[in-house]
Amino acid sequence: MSVSIAILAAGQGTRMKSGLPKVLHKISGRPMIWHIIKEAKELSEDINVVLYHEAEVIRSYLEENFQNLRFHIQDHKNFPGTGGALMGITFQADRVLVLNGDMPLIQASELEQFLQIDADIVMSVIDLENPHGYGRVIIEDTEVEYIVEHKDCGEAELALTTVNAGVYLFKKEVLQKFLPKLSNDNAQKEYYLTEIIGLAKKEGYTIKPIFVKEESFKGVNSKVDLAQAEEIMQERIKNRWMREGVIFRLPTTSFVEIDVEFEGECEVESGCVLRGKSRIIDSHIKANSVIEESEIRYSSVGPLARVRPKSILEDTHIGNFVEVKKSHLRGVKAGHLSYLGNSQIDEGTNIGAGTITCNYDGKEKHQTIIGKNVFVGSDSQLVAPLRIEDDVIIAAGTTLTKDIPKGSLAIARPPLQIVKDFYYKFFGKKRC
């Protein structure tokens, strides 16, 4: 193993102004810390997550989604700060890459570059037009001389634009030697990891800077930062799929989560939302449609349609204002204004406008099964549990409460009544 990784996720994140732990706020469908660990796992088998605030909530999520993580609870009362976060951890590798739990845009390919530099310490730096809020880095002759937190900067240091990006690669022996020597004699009374730079420099250790892209090493500390990171992640996701052959019409108008997959010839029109572990195979998602945790095969959806979780559409067309939930449609046409929930509908079946499956009785959900070549007339209510066999016609306006056998016509309407001249009797005279 060439490197151990420490992910600092102990902070309270007060600037997010939220009861949800900062690192669990989502970027493109997954919490920030999920994105970081996903990239970290490409580099190391020894991943150490440092927790404190809402530790059990974060740990519970991570254990459900990853294996072989090591968790450490920071002694925040006695050793607060980024330096205190690493105290007491035993790393397995000879080098330790320190990441932050609020940097969801980092990529393994960029972190790999840290490992190519021969130095006792490698630290990330960025040149910013507006460096406010960041620690400053003083570099001379290609080596870092020292760094200072923004809150502790003097006027000359505040004028610098080279800032600390917050990611470090340490030789383990450097951490072992200098972590016990850290002091909290500063404005915040915290143990800063950055102080190791000054201590190591005094004793002749080599400290090399690595200039990184602001886009990838952006920290998320507020809802504004969260929205900006979302935009960057969305661009990456859609660019990836466009390179694989997916057509996006006005891609910036659509939202595609990280777990969505495409296969074959696919087109996504403007204003669409694709969520969860959806799979789109040789299909056309028309404007302003929503797909959630579902599979769309050889089908067209929309415009203005919604496919809710646990649905499968095969060789099917659903049109505007059609909603499908937990249903399997194969070879079906539902052009407009329908709700199809907890259903199995087979090939050749046409669903008329205004049709709904009445699948919920107030306590439980029930299934509707519709066979092949069924014609469901407009404004029909199919009250589940219900089975409609092959080759059936359901007359428009019918409410079905019983199973319908093969080859039948089902019609349930009140008799039409016409009361002559009722209009004039009701209003008393003709209206203009």
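In short, a report on the structure. In this text the structure is predicted, and so the values were computed from the model without any measurement.

On to the overall build of the protein chain. Secondary structure summary: the protein chain contains nine helices and 36 strands in total. The dimensions of the protein chain, computed from C-alpha atoms along their principal axes, are 105 × 55 × 40 Å. Here the protein chain, with 432 residues, has 50% of them falling under the buried criterion. Counting contacts in the protein chain only where the partners sit at least 6 residues apart, residues at least 24 apart contribute 43% of the total. About 21700 Å² of surface is accessible on the protein chain, with carbon and sulfur atoms providing 48% of the total. Separation of charge centres in the protein chain, based on 53 positive and 61 negative side chains, amounts to 9 Å.

All chains considered together, the criterion is met by eleven aromatic pairs. Arranged with centres 5.5 Å apart and planes meeting at 25 degrees, the rings of Tyr-168 and Phe-170 form a pair that is stacked. Ring centres 5.9 Å apart and planes at 80 degrees place the aromatic pair Phe-248 and Phe-262 in the edge-to-face group. Of this pair, Phe-248 sits in strand β12 (residues 247–248) while Phe-262 is found in strand β14 (residues 261–263), placing the two residues 14 residues apart along the sequence. Neither residue differs from the other here; Phe-248 and Phe-262 are each classed as buried. Aromatic rings pair up to connect Phe-422, Tyr-423, Tyr-424, Phe-426 and Phe-427 into one cluster. The cationic tip of Arg-240 hangs over the ring face of Trp-241; the distance from NZ or CZ to the ring centre is 4.1 Å. Seen from the ring of Tyr-360, Lys-365 lies directly overhead, with NZ or CZ sitting 5.4 Å from the centre.

This part covers the side chain of Ser-216. Following the sequence through the fold, Ser-216 ends up in the loop between β11 (207–211) and α8 (223–243). Here Ser-216 is in contact with Leu-105, Ile-106, Gln-107, Glu-110 and Arg-236, once residues within four sequence places are set aside.

All right, on to the environment of Lys-208 then. Mapping Lys-208 onto the fold places it in strand β11. A sequence separation of 89 residues divides Lys-208 from Ala-119, and the C-alpha atoms of the two residues are 6.2 Å apart. Apart from the residues within four sequence positions on either side, Lys-208 is in contact with Ile-117, Asp-118, Ala-119, Ile-121, Val-122, Met-123, Thr-142, Glu-143 and Val-144.

The end-to-end C-alpha distance of α8 is 30 Å, a good match for the 30 Å that 21 residues give at a rise of 1.5 Å each. For α8, the full list of buried residues reads Asp-225, Leu-226, Ala-229, Glu-230, Ile-232, Met-233, Gln-234, Arg-236, Ile-237, Lys-238 and Trp-241. Backbone geometry just after α8 places Gly-245 at a positive phi near 110 degrees.

Our focus in this paragraph is the side chain of Asn-164. If you trace the backbone, Asn-164 turns up in strand β10 (residues 162–171). The class for Asn-164 is buried, based on a relative accessible area of 9%. A distance of 2.9 Å separates a polar atom in the side chain of Asn-164 from the backbone nitrogen of Gly-166. Side-chain polar atoms of Asn-164 contact the side chain of Tyr-168, separated by 2.6 Å.

Looking now at unusual backbone geometry. Here the residue pair Gly-302 and Pro-303 is connected by a cis peptide bond, since its omega of 10 degrees sits within 30 degrees of zero. Locating Pro-303 in the fold gives a position in the loop between β21 (300–301) and β22 (306–307). Note that the residue after Ala-384, namely Pro-385, is joined by a cis bond; omega there is 0 degrees. Take Pro-385: it is sitting in the loop between β32 (381–383) and β33 (386–388). The phi torsion at Asp-315 lies on the positive side, around 45 degrees, for a residue other than glycine. Within the secondary structure, Asp-315 sits in the loop between β23 (312–314) and β24 (317–325).

What follows covers a nonpolar patch on the surface. On the surface, Val-419, Phe-422, Tyr-423, Tyr-424, Phe-426 and Phe-427 cluster together into a nonpolar patch covering about 630 Å² of accessible area. Of the residues examined, Tyr-423 reaches a relative accessible area of 38% and is grouped as partly exposed.

What counts, and where the lines are drawn
- Residues numbered from 1 in each chain as written.
- Predicted model: local features only at pLDDT ≥ 70, side-chain atom pairs only at ≥ 80, totals over all residues.
- Heavy atoms only, no water.
- Helix = DSSP H or I, 4+ residues; strand = E, 2+ residues; numbered from the N terminus.
- Buried < 20%, exposed > 50% of the residue type's maximum accessible area, 1.4 Å probe, protein only.
- Contact = heavy atoms within 4.5 Å.
- Areas by Shrake-Rupley, 256 points an atom, 1.4 Å probe, with all protein chains shown as cover.
- Lys, Arg positive; Asp, Glu negative; His and termini not counted.
- Charge placed at Lys NZ, Arg CZ, Asp CG, Glu CD.
- Phe/Tyr/Trp six-rings, centres within 6.5 Å; stacked < 30°, edge-to-face > 60°.
- Lys NZ or Arg CZ within 6 Å of the ring centre and 35° of its normal.
- Expected span 1.5 Å × (residues − 1).
- Polar contact = N/O pair within 3.5 Å; in protein donor to acceptor, adjacent residues only side chain to side chain.
- Patch = residues over 30% accessible without salt bridge, like charges linked within 9 Å, V, L, I, M, F, W, Y side chains within 5 Å.
- Salt bridge = Lys/Arg side-chain N within 4 Å of Asp/Glu carboxyl O.

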